[in-house]
Amino acid sequence: ALRQHWGRKMAVSMDKWLIAAAGLLICSVIFNRTNAGVAPGSNDAPHRRFEYKYSFKGPHLSQSDGTIPFWVHNGNAIPSADQVRITPSLRSQKGSVWTKNKANFENWETEITFRVTGRGRIGADGLAIWFTSDQGLEGPVFGATDSWNGLGIFFDSFDNDAKKNNPAVLIVGNNGKLVYDHQNDGSTQALGSCLRDFRNKPYPVRAKITYYKKSLTVWINNGFTPDKEDYEFCAKVDNMIIPTEGFFGISAATGGLADDHDVLSFLTFRLTEPGQQEPVPDPEIPQEEKEKYQEEFEHFQQDFDKKKHEFQKEHPDIHEQPSEDNYESVSDREVRQIFEGQNRIHLEIKQLNRQLGMILDEQRRYVTIVTDEITKRGAVAHGQPGQTPTEELDSIVKAQQEVLRNVNDMRNTLTESLRLVGNVHNQGNAAGTYETVQHFNDIKEHLHMVKKDIDHLIQRNRGPNEKVTCPELPPFPSCLSTTHFFMFVAVQTVLFIGYIMYRGQQEAAAKKFF
């Protein structure tokens, strides 16, 4: 009976264990199916293929004639080797870049790296990323045409509706009949949006836009870290219908306020669903374009070989290929700039040391003259009585004391500067600070010795009824009379008042403009 009882208990516990295991198995299967499209290593992840004809990236972004391969720029856009400045920080500027050929991707993904920088706390107007059936080369919507047919993703900097909801990112779709609502910053037409401050960031801002299975998703990298994959979710729009073929573009505009809108890269990828046939490679480029690119490549190659040959002639000892250690990283550049600033401070301190040395030499010369005169007077005093002018000696001693106080003030100022420098430097600079302070202590000690020697000579050579006369120093010429001084002050006052009035008029005019 006992055996049957334990057998029944074991069977019940085994059944409960099997039920729990089956439940965990079902949950794991459901979870894997739910996240199959998200996990990068899963079988359901789309296949990405880079499309170079719809992309650009530095270095050598633009060609020698100022054009971008497979792209066309318009308006105030300025291509360079590392980036495309869509608009400079000037008022009322518009610019854009568009692909030359239409893209016929069913699913795609773009990664855009850009900077929006300006001197003010508020900027304008903003930047837009497009996928439209036609090229919107120039117009009122962030530098592109209105009533577009397709998709627009707007990085709006300026708060037109005064609701304090900018900078913001908006997703706006259009079928060619919609007129953009500038007064409300497009908030009444936006299919999705998020508040993101993309101006004046330490690192470039990145945006990833994915259109997959009629679902549009926007991810933003806030520009606070150099991590390229540190994206934050911004917005998602399901059942998004866009043209099957279209042009990729990016545009920007400025208004009464102005920002620099710089695009560093625009990378486009074709997405293919798992199990579908891979897209057929594009046909080769026309023969004329191929010959043009080949000619340009040969020109670059000849120029490179010429510069390489000249470098080898100038540096015959160098035969190795340059390593990565020869290039300066961002942290190395910052450290170098810090040490250059500290070296400039050190040079200024050395200059002050030389000036203090000149002052000390001058005081020694005066002390020598006084000592010689006292010696002569002492020798004459034995033969004939005389009096020494103690008042003049007292004035000389007071002058020495004043010089000593001035030097002491300079020493305190330099000591404070060295303390601030020491806070920036590591402990390796502590020895240099100590040596500089010790040098000033030596100067102070020498000046004390000079004063002590003068007092000793006065007490030794001065009799009860004698006065020591010191040589009279030549009078110092007056460089500025009282009349000239007051005239100078009057002219400066008139100029200052005129400047204040002029500046007030300029500020009033600026307020009227805004």
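The structure reproduced in this document is the subject of the present report. These numbers come from a predicted model, not from an experiment.

**Description of the sheet that holds strand 9 (residues 149-156)**
Judged by pairing direction, the sheet is antiparallel, and its seven strands sit side by side in the order 3-6-15-8-9-10-11 without closing on themselves. Strands with a single pairing partner mark the edges of an open sheet, and in this sheet they are strand 3 (71-75) and strand 11 (192-195). Between one strand and the next, the sheet's axes are offset by a mean angle of 15°, whatever the strand orientation. By the bridge criterion, eight bridges tie strand 9 to strand 10 (residues 168-175) in an arrangement that is antiparallel. Residue pairing across strands places G150 opposite N174, the latter belonging to strand 10.

**A word on the packing of aromatic side chains**
Scanning all chains against the criterion turns up 22 aromatic pairs. Summarising the aromatic geometry, the rings of F56 and F266 are spaced 6.1 Å apart at their centres and angled 25° between planes, so their arrangement reads as stacked. Taken together, the residues F56 in strand 2 (residues 56-57) and F266 in strand 16 (residues 260-272) connect sequence positions 210 residues apart. Accessibility expressed as a relative area gives 5% for F56, which makes it buried. Since its relative accessible area comes to 0%, F266 is described here as buried. Here the aromatic rings of W108 and F248 are separated by 5.2 Å at their centres, their planes lie at 90°, and the arrangement is edge-to-face. A residue pair is termed long-range when its members are at least 10 positions apart, and W108 in strand 7 (residues 108-117) and F248 in strand 15 (residues 247-253) qualify at 140 residues. For the pair W108 and F248, a shared accessibility class is recorded, and that class is buried. When the ring centre of F269 is taken as origin, the NZ or CZ atom of R48, which lies over that ring, is 3.9 Å away.

**Description of the nonpolar core**
In terms of nonpolar packing, the biggest core is built from 43 residues, with F56, V97, W108, F114, I129, F155 and F248 touching the most fellow members. Judged by nonpolar contacts, the second largest core, of 13 residues, contains W130, A144, A168 and V172.

Rules used in this analysis
Residue indices follow the written sequence of each chain, beginning from 1 at its first position. Where totals are concerned, whole chains, interfaces and linings use all residues; where local detail is concerned, this predicted model gives features only for residues with pLDDT of at least 70, and gives and counts side-chain atom pairs only at 80 or more. As a rule here, side-chain values cover all heavy atoms of the structure and leave hydrogens and water aside. Two strands are counted as paired when DSSP detects at least two bridges linking them. To qualify as a helix, a DSSP run of H or I must reach at least 4 residues; to qualify as a strand, a run of E must reach at least 2; elements of each kind are numbered from the N terminus. Lines fitted to C-alpha atoms define the axes here, with helix axes fitted over just the stretch in contact, and angles between the N-to-C directions of these axes take values from 0 to 180 degrees. Only Phe, Tyr and Trp rings take part, Trp by its six-membered ring, and two of them pair if their centres are within 6.5 Å. Stacked means planes under 30 degrees apart, edge-to-face means over 60, and tilted covers everything else. The buried label applies to any residue whose accessible area, calculated with a 1.4 Å probe on protein chains only, is under 20% of its type's maximum; exposed applies above 50%, and partly exposed to all values in between. We call a charge positioned above a ring when the Lys NZ or Arg CZ atom is no farther than 6 Å from the ring centre and deviates by at most 35 degrees from the ring normal. The set of buried Ala, Val, Leu, Ile, Met, Phe, Trp, Tyr and Cys residues whose side-chain atoms join them within 4.5 Å is what this entry labels a nonpolar core.

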